[in-house]
There are 4 protein chains.
Amino acid sequence: MATFDGRIGGVYAISPTPFHADGALDWDSLDRLTDFYFETGCDGMTVLGVLGEGVKLDADEAVDVAARVIARAAGRPIIVGASAPGFAAMRALTHAVMDRGAAGVMIAPAAGLRTEDQIAGWFGGAIEAIGPDVPWVLQDFPQTTGVVMSPATIARIANAHPSLKLLKHEDWPGLEKISTLRRMEAEGAMRPLSILVGNSGLFLDFELDRGVDGANTGYAYPEMLVQAVRLARAGERDAMHDLFDAHLPLLRYEQQLGAGLAVRKYVLKQRGIIASDAMRRPCTPLSDTARAEIDYLMARLTRRLEALPA
Amino acid sequence: MATFDGRIGGVYAISPTPFHADGALDWDSLDRLTDFYFETGCDGMTVLGVLGEGVKLDADEAVDVAARVIARAAGRPIIVGASAPGFAAMRALTHAVMDRGAAGVMIAPAAGLRTEDQIAGWFGGAIEAIGPDVPWVLQDFPQTTGVVMSPATIARIANAHPSLKLLKHEDWPGLEKISTLRRMEAEGAMRPLSILVGNSGLFLDFELDRGVDGANTGYAYPEMLVQAVRLARAGERDAMHDLFDAHLPLLRYEQQLGAGLAVRKYVLKQRGIIASDAMRRPCTPLSDTARAEIDYLMARLTRRLEALPA
Amino acid sequence: MATFDGRIGGVYAISPTPFHADGALDWDSLDRLTDFYFETGCDGMTVLGVLGEGVKLDADEAVDVAARVIARAAGRPIIVGASAPGFAAMRALTHAVMDRGAAGVMIAPAAGLRTEDQIAGWFGGAIEAIGPDVPWVLQDFPQTTGVVMSPATIARIANAHPSLKLLKHEDWPGLEKISTLRRMEAEGAMRPLSILVGNSGLFLDFELDRGVDGANTGYAYPEMLVQAVRLARAGERDAMHDLFDAHLPLLRYEQQLGAGLAVRKYVLKQRGIIASDAMRRPCTPLSDTARAEIDYLMARLTRRLEALPA
Amino acid sequence: MATFDGRIGGVYAISPTPFHADGALDWDSLDRLTDFYFETGCDGMTVLGVLGEGVKLDADEAVDVAARVIARAAGRPIIVGASAPGFAAMRALTHAVMDRGAAGVMIAPAAGLRTEDQIAGWFGGAIEAIGPDVPWVLQDFPQTTGVVMSPATIARIANAHPSLKLLKHEDWPGLEKISTLRRMEAEGAMRPLSILVGNSGLFLDFELDRGVDGANTGYAYPEMLVQAVRLARAGERDAMHDLFDAHLPLLRYEQQLGAGLAVRKYVLKQRGIIASDAMRRPCTPLSDTARAEIDYLMARLTRRLEALPA
């Protein structure tokens, strides 16, 4: 199993799951995609998240996809999305992928949780179900789950569960939340907690300014995420923003909730990484107009990157 | 496979799934429960719905529960809850239980669907996934799914899918919806469609008055549901309401969203049908006060039934 | 101004606002309605709540309605619903009705509040806006507001604001919440707080068993609410439940969210209290079938009350 | 009254309401703001929307703000946000501002509407209440209202109400919706309907490509919106995207739901248009970090605009 502990930083790519046009899993593309993420400098990968169409796989397929990526990653950490409405399915998938070498699992709170006690209680049950020794990532994504977790609630969960290794922050607006969490950490109200940001990276530039450890998102040019984190670490603030701004028009286009998956698969296909941008149903395919818009954005990005100082 | 076609009426019990105190499946109790429903006069059963803690079973357990009940039912129709966020899991479970003799599956729309086109399109995909020959039940339960289907949307789905055999109506307030659907049916705007009511039967009395075909709910005294349908069919309106009103205090107590499952399991245990009222996590167990309240309601019900004319 | 302090108990009727068929305010009916509530033994009234179609009145009408009822009540306490999305309108209405002798105002949290800090902060702003000397009622009605307040959040608000005089509890399921609040009060975690229950009184029987101080709801037979509270105080538990159960079929019919207002106005009209059951738009009028159902329930109620011991 | 009919295009600025630090209305800043929008080339203004803190004004203040802007605009069209939960308040405000010379009102559907019939019925009631001769703008903003309107629903409303003059489109993702509406218009399924886009303009670039008539949003550099519309009309696609992309980092920062108002007021203050960035409560003020981030974005924008070809 890959190490996944201590201060976790850099870029963990959120990976889509490639399919053939008929909906069958495309194993060759999955291998190429795995290689691509690590060749571009990513530190790890997350599979079977929302972007990974995890809910569209049956139980056996899910384990197979995770196992394939884990094997291909050759020791680098792979996180597996294990969110499920019930703890039995969550435990079953968790144990299956941990047995196959996953670094940990990612868990988002179940829809419908509202009060701090409900949320903390639910995570207590989830961690009891998967076992307190399994490293896990807390996904904080209210736009999708409908569950709003205050900094105090996150701190309570972090303090209660040493097996929580990482916060995937994708609340929006979320900049002040990051600052509050970092302050609570500094004041001892929350134990040290690694934070990687999601929400497609729409605020990655200022999130890095505010002290997050990196990104855990699926933007189809992961090399930008990797480079932005490096520039931020090097104190090259302006250069980081210049790079980020060059990508922002396309990144914003990818960030469309629900539609973003189709955009990303199309970009990855145009870049030659995956063979098809097919999605499993239910899905909303891209229109021809949208494809043309993405081509236009990619061409503009290329030109703009050429104009940046090397 | 059991017949499940034409005008479907009477009572289809929504069945909980019995567990031992340690969370293991309690097969003996499941057999007793199956026998109980048919001995009390039910026409069929629905397993693995919300009440059946379907989401808390892993994939193999779900198939095993369905298969056990189907075998025990000896030819009477068993419906299996197959709602899932993705079509792959829905198809896998559907095929597994149809192979084992299920009469059909029950499908609720995925959370987040809003417009008529979204809803109709989603069901189009679902039926394509499970196959157009599998009989199915449309569950209309906005309080749980968040999806509101107008009568026009239901008619559109019914007219598009001959394999839709039954509407499980549990919208609330829902009386006018029933009258509208029956009027659309009479006017030819919707093909004939069987309607059984859920929402714990809180309005069963007037729903029968308004022409539904029966009940598809989990009230722990199914003999009342059976008798109420018979009285309604016989035109004994006052007697039907007298019987219903006698049960209403307890029925209302069972109807509490989220808490109702615990109440039902406790009543079934007190009645000697299942051995334990254990639920799998996440769940909210009954307090001692609540148990005492239920005992009180059961005692009051017994006295009140004795006072009714035979 | 009427006294509205200390342990507040008994029945505060939630009053509808009577209109003529053309939508104009019906002042005579409003006077009769006010007299009716106090003649049946109510201790106070709440006007301009959801049931009172408060949002359908313009600013001047709202003040006029409150002033009319306050004058007619001749010193008995009148609460005025003052919930509003902004604090300016809330303050304007509050000051206008307090100047005219209201006992206090009722405030529900604004839609969209989620975390404990958000909720507590919002109430801090609201109380600052209306002034810390104005007595107020906290309305806890998640089914309508979408805001879920845990017992801890309620205690925090109660402890922070001495001007909070009453909790209108209408969470559902809500029995355990009452027990928890009473336990927190006994343990000193929350200062003593009067609790009256709403949600149409659907669980009034057991809520009284669990120690609430009375009812603050709009059931169109307020004499039942008054008598139930008296029986509970006298320790006549069985008699209280007998009375409640006799009313439950109609009470449940009135409790339909959104549709209940029309039912209540119709019952009050049939009882001769208000001249018309007209509502202002947007509204959903009763169908002829629904009116007949209500007539049937009222006739059954009369017979059943006759059969109860005097 | 200003003309507001036929094909409406260009830029209608969504205006904030300036306050002094103590919360009092700042009339001088409101005048400067009105002048600013028209000097930068805007064609009209919308006041008292969400951005305008309309719900935080009491009834008299709302009319005064609208009247002040209308007078200052000297005949150019001013739209007034009139959304309200009840039709009485909507009518009262509408008549008051139309009497004072408003060009029309903007109405968003009430929260809680779900089916097409509910939505269309609600607008029928609203238009009956304000009168069928009052020009109005339909605001389609599901992220805030929770009401999702399909293209078919919008067409139904447009066809039923000739007084609907404009669609403020801010659904997200929303590009395909625009294309669908334009296709329905071309095919005669919807009468010609002007469309201006909101959602802070986050997709203005491609929305212009897809044929909208302009923008109706509150970005604090309205001169960009004006110029982008002109470039689009002139067929200068690349130049339009170049300009838009230069603004995107700040525009995206302003687009944060809930937090955006504070950002805009701060930018307008830094630009010397309004005297204070004070908001009325409930509100979330900017942190010092956020102010510094905005300053940084404004400085970067200035440099980047200098680098664009004139």
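Everything that follows concerns the structure shown earlier in this document.
## Considerations on the pattern of salt bridges
Residues and elements named next belong to chain A.
(1) Moving on: Scanning the entire structure with this criterion turns up 104 salt bridges over all chains.
(2) Moving on: In this structure, Arg7 and Asp213 form a salt bridge, with 3.2 Å as the shortest nitrogen-oxygen distance. In this pair, Arg7 sits in the segment before strand E1 (10-14) while Asp213 sits in the loop between helix H8 (204-209) and strand E8 (214-215), placing the two residues 206 residues apart along the sequence.
(3) Moving on: Arg7 sits in the partly exposed class, given a relative accessible area of 45%.

## Regarding the relation of the copies chain D and chain A
Mapping between the two copies of the chain is achieved by a rotation about an axis and a shift along the axis.
(1) Moving on: Under the fitted operation, chain D is carried onto chain A by 0.0 Å of movement along the axis and a turn of 180 degrees, and the coordinates agree to an RMSD of 0.0 Å. This pairing of chains is accounted for by a two-fold axis. Nearest to the rotation axis, the C-alpha of Leu248 of chain D is located 3.8 Å from it, this being the minimum over chain D.
(2) Moving on: When the interface residues of chain D are mapped onto chain A, 100% of them are again interface residues, pointing to one common binding face.

## Side note on the side chain of Thr40 of chain D
Residue and element names in this part refer to chain D.
(1) Moving on: The topology assignment puts Thr40 in the loop between helix H1 (27-39) and strand E2 (44-47).
(2) Moving on: In terms of polar contacts, Thr40 uses its side chain to reach the backbone carbonyl oxygen of Tyr37, at 2.8 Å.
(3) Moving on: The contacts of Thr40, once residues within four sequence positions are left out, are Pro222, Glu223 and Val226.

## Overview of the interface of chain D and chain A
(1) Moving on: On the chain A side, the residues contacting the 33 residues of chain D number 33 residues.
(2) Moving on: Regarding the contact of chain D and chain A, the summed buried area is about 3,000 Å², with carbon and sulfur atoms giving 55% of it.
(3) Moving on: Along the contact surface separating chain D from chain A lie eight salt bridges.
(4) Moving on: Put simply, Asp205 of chain A and Arg252 of chain D hold a salt bridge, and the shortest N to O gap is 2.9 Å.
(5) Moving on: Seen at the junction of chain D and chain A, the total is 16 residue pairs in polar contact (both at pLDDT 80 or more).
(6) Moving on: At 10 residues, helix H10 (residues 237-254) of chain D tops the list of elements feeding residues into the side of chain D that touches chain A.
(7) Moving on: Of the residues in the side of chain D that touches chain A, the class split is 15 nonpolar, seven polar and 11 charged.

## Remarks on helix H9 (residues 222-233) of chain B
All names here are of chain B.
(1) Moving on: Counted at 1.5 Å a residue, the expected span for H9 with its 12 residues is 16 Å, and the 17 Å between its end C-alpha atoms agrees.
(2) Moving on: For H9, the set of buried residues is Pro222, Met224, Leu225, Val226, Ala228, Val229 and Leu231.
(3) Moving on: Buried residues belonging to H9 abut strand E1 (10-14), helix H1 (27-39), helix H8 (204-209), strand E8 (214-215) and helix H10 (237-254).
(4) Moving on: A positive backbone phi angle near 75 degrees is found at Gly235, which sits one or two residues after H9.

## A short note on the relation of the copies chain B and chain D
(1) Moving on: Screw-axis analysis of chain B against chain D gives a translation of 0.0 Å along the axis, an RMSD of 0.0 Å, and a rotation angle of 180 degrees.
(2) Moving on: When the interface residues of chain B are mapped onto chain D, 100% of them again lie at the interface, so the same face is used by both copies.

## A look at the packing of helix H3 (residues 87-99) of chain B against helix H4 (residues 116-130) of chain B
Residues and elements named next belong to chain B.
(1) Moving on: Remark: H3 packs on H4, axes separated minimally by 9 Å, with the N-to-C direction vectors making an angle of 45 degrees. Relative to H4, the element H3 lies oblique. Note that H3 runs across H4; the crossing there is right-handed. Two secondary-structure elements touch here, H3 through Phe87, Met90, Arg91, Thr94 and His95 and H4 through Trp122, Gly125, Ala126, Ala129 and Ile130.
(2) Moving on: Taken together, the residues that form the contact of H3 with H4 break down as six nonpolar, three polar and one charged.

## Describing the environment of Phe206 of chain D
(1) Moving on: In this structure, Phe206 of chain D sits in helix H8 (residues 204-209).
(2) Moving on: By relative accessible area, which is 0% here, Phe206 of chain D ends up buried.
(3) Moving on: Considered as a pair, Phe206 of chain D and Asp58 of chain D are 148 residues apart in the sequence and their alpha carbons are 38 Å apart.
(4) Moving on: Residue contacts for Phe206 of chain D: discarding those within four places in its chain leaves Arg252, Tyr253, Glu293, Tyr296 and Leu297 of chain A together with Leu175, Arg237 and His241 of chain D.

## Description of the packing of aromatic side chains
(1) Moving on: Considering all chains together, one arrives at 36 aromatic pairs over all chains under this definition.
(2) Moving on: Ring centres of Phe36 of chain B and Tyr37 of chain B lie 5.6 Å apart, and the angle between their planes is 50 degrees; on these two criteria the pair is classed as tilted.
(3) Moving on: Centre to centre, the rings of Tyr219 of chain D and Tyr221 of chain D are 5.8 Å apart; their planes meet at 35 degrees, and the pair counts as tilted. One exposure class covers both Tyr219 of chain D and Tyr221 of chain D, and it is buried.
(4) Moving on: In this structure an aromatic cluster arises from ring pairing among Phe87, Trp122, Phe123 and Trp136 of chain A.
(5) Moving on: The lysine or arginine in question, Arg252 of chain A, covers the ring of Phe203 of chain D, its NZ or CZ lying 4.7 Å from the ring centre.
(6) Moving on: Above the face of the Tyr221 of chain C ring, Arg271 of chain C is positioned so that its terminal group lies 3.9 Å from the ring centre.

Analysis parameters
- Residues numbered from 1 in each chain as written.
- Chains lettered and ligands numbered in written order.
- Predicted model: local features only at pLDDT ≥ 70, side-chain atom pairs only at ≥ 80, totals over all residues.
- Heavy atoms only, no water.
- Salt bridge = Lys/Arg side-chain N within 4 Å of Asp/Glu carboxyl O.
- Helix = DSSP H or I, 4+ residues; strand = E, 2+ residues; numbered from the N terminus.
- Buried < 20%, exposed > 50% of the residue type's maximum accessible area, 1.4 Å probe, protein only.
- Least-squares fit on C-alpha atoms with pLDDT ≥ 70 in both.
- Contact = heavy atoms within 4.5 Å.
- Polar contact = N/O pair within 3.5 Å; in protein donor to acceptor, adjacent residues only side chain to side chain.
- Buried area = accessible area lost by both parts, 1.4 Å probe.
- Nonpolar A, V, L, I, M, F, W, Y, C, P; charged D, E, K, R; others polar.
- Expected span 1.5 Å × (residues − 1).
- Axes fitted to C-alpha atoms, helices over the stretch in contact; angles between N-to-C directions.
- Parallel < 35°, antiparallel > 145°, perpendicular 65-115°, else oblique.
- Left-handed = near helix turned anticlockwise from the far one by under 90°.
- Phe/Tyr/Trp six-rings, centres within 6.5 Å; stacked < 30°, edge-to-face > 60°.
- Lys NZ or Arg CZ within 6 Å of the ring centre and 35° of its normal.

By themselves, these figures tell us nothing about what the structure is for.
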